[in-house]
Amino acid sequence: FENSGSKKIKRKISEEMENLIKDMTSESEILKKIIINIDANHSSVVSSLKKDLPNLRNEDYLLFIYTILGFSISAIAYLLKEDKIDAVYNRKARLKTKINKLETERKNLYLQYM
């Protein structure tokens, strides 16, 4: 607490945040735990989507996860390394279209989170 304003502490916090962001955008243990928690609390929605849309791009899969977590479009753009927010809106629209074409009763569950 005494060093809360020091450059060393600020650098350490920055490094930790960068590592957390990196873990949220790759196949890390943290992301796996997040998916397990989402599935446990939301009727296995992430695992089911992966089964129903096996050819889904990783970015779309992550978009779905980040949306469930309640991240803003700006935060999602940052995590997906998109230069423009419009790219996220377009990706989201394309994902909704893919979900709407599904012939499964879980379709409405997926759309509920979008």
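Keep in mind that what you see is a predicted model, and the values were worked out from it rather than measured.

Further remarks concern the pattern of salt bridges. In the structure shown here, the tally under the stated rule is 6 salt bridges. Across the pair Asp 60 and Lys 98 runs a salt bridge, and its minimum N-O distance is 3.5 Å. Pair noted here: Asp 60 is in helix H4 (residues 58-68) and Lys 98 is in helix H6 (residues 85-100), with a separation of 38 residues, a long-range link. Because the salt bridges share partners, they merge into one network encompassing Asp 60, Glu 82, Arg 91 and Lys 98.

Counting 30 residues, the largest nonpolar core has Val 45, Val 46, Phe 64, Ile 65, Tyr 66 and Ile 99 as its most contacted members. Mapped onto this core, the elements with two or more residues apiece are helix H2 (29-41), helix H3 (45-52), H4, helix H5 (73-79), H6 and helix H7 (107-113). Among the elements that make up this core, the one with the highest residue count is H4 (7 residues).

With that settled, the discussion passes to H2. With 13 residues, H2 should reach 18 Å at 1.5 Å per residue; the first-to-last C-alpha distance of 18 Å fits that figure. For H2, the set of buried residues is Leu 31, Ile 34, Ile 35, Ile 38 and Asp 39. Viewed end-on, H2 has its buried residues packed into an arc of 130°, placing them on one side of the element. Structural note: H2 exposes Glu 29, Lys 33, Ile 36, Ala 40 and Asn 41 on the side pointing more than 90 degrees away from its buried face.

The next point concerns a nonpolar patch on the surface. There is a patch of nonpolar side chains on the surface, built from Ile 9, Ile 13, Met 17, Leu 20 and Ile 30 and spanning about 400 Å² of accessible area. When residues of the nonpolar patch are assigned to their parent elements, the largest contribution, 4 residues, is made by helix H1 (residues 7-24). Inspection of the secondary structure assignment puts Ile 13 in helix H1.

What counts, and where the lines are drawn
Residues numbered from 1 in each chain as written. Predicted model: local features only at pLDDT ≥ 70, side-chain atom pairs only at ≥ 80, totals over all residues. Heavy atoms only, no water. Salt bridge = Lys/Arg side-chain N within 4 Å of Asp/Glu carboxyl O. Helix = DSSP H or I, 4+ residues; strand = E, 2+ residues; numbered from the N terminus. Core = buried A, V, L, I, M, F, W, Y, C linked by side-chain atoms within 4.5 Å. Buried < 20%, exposed > 50% of the residue type's maximum accessible area, 1.4 Å probe, protein only. Expected span 1.5 Å × (residues − 1). Arc of directions from axis to C-beta. Patch = residues over 30% accessible without salt bridge, like charges linked within 9 Å, V, L, I, M, F, W, Y side chains within 5 Å. Areas by Shrake-Rupley, 256 points an atom, 1.4 Å probe, with all protein chains shown as cover.

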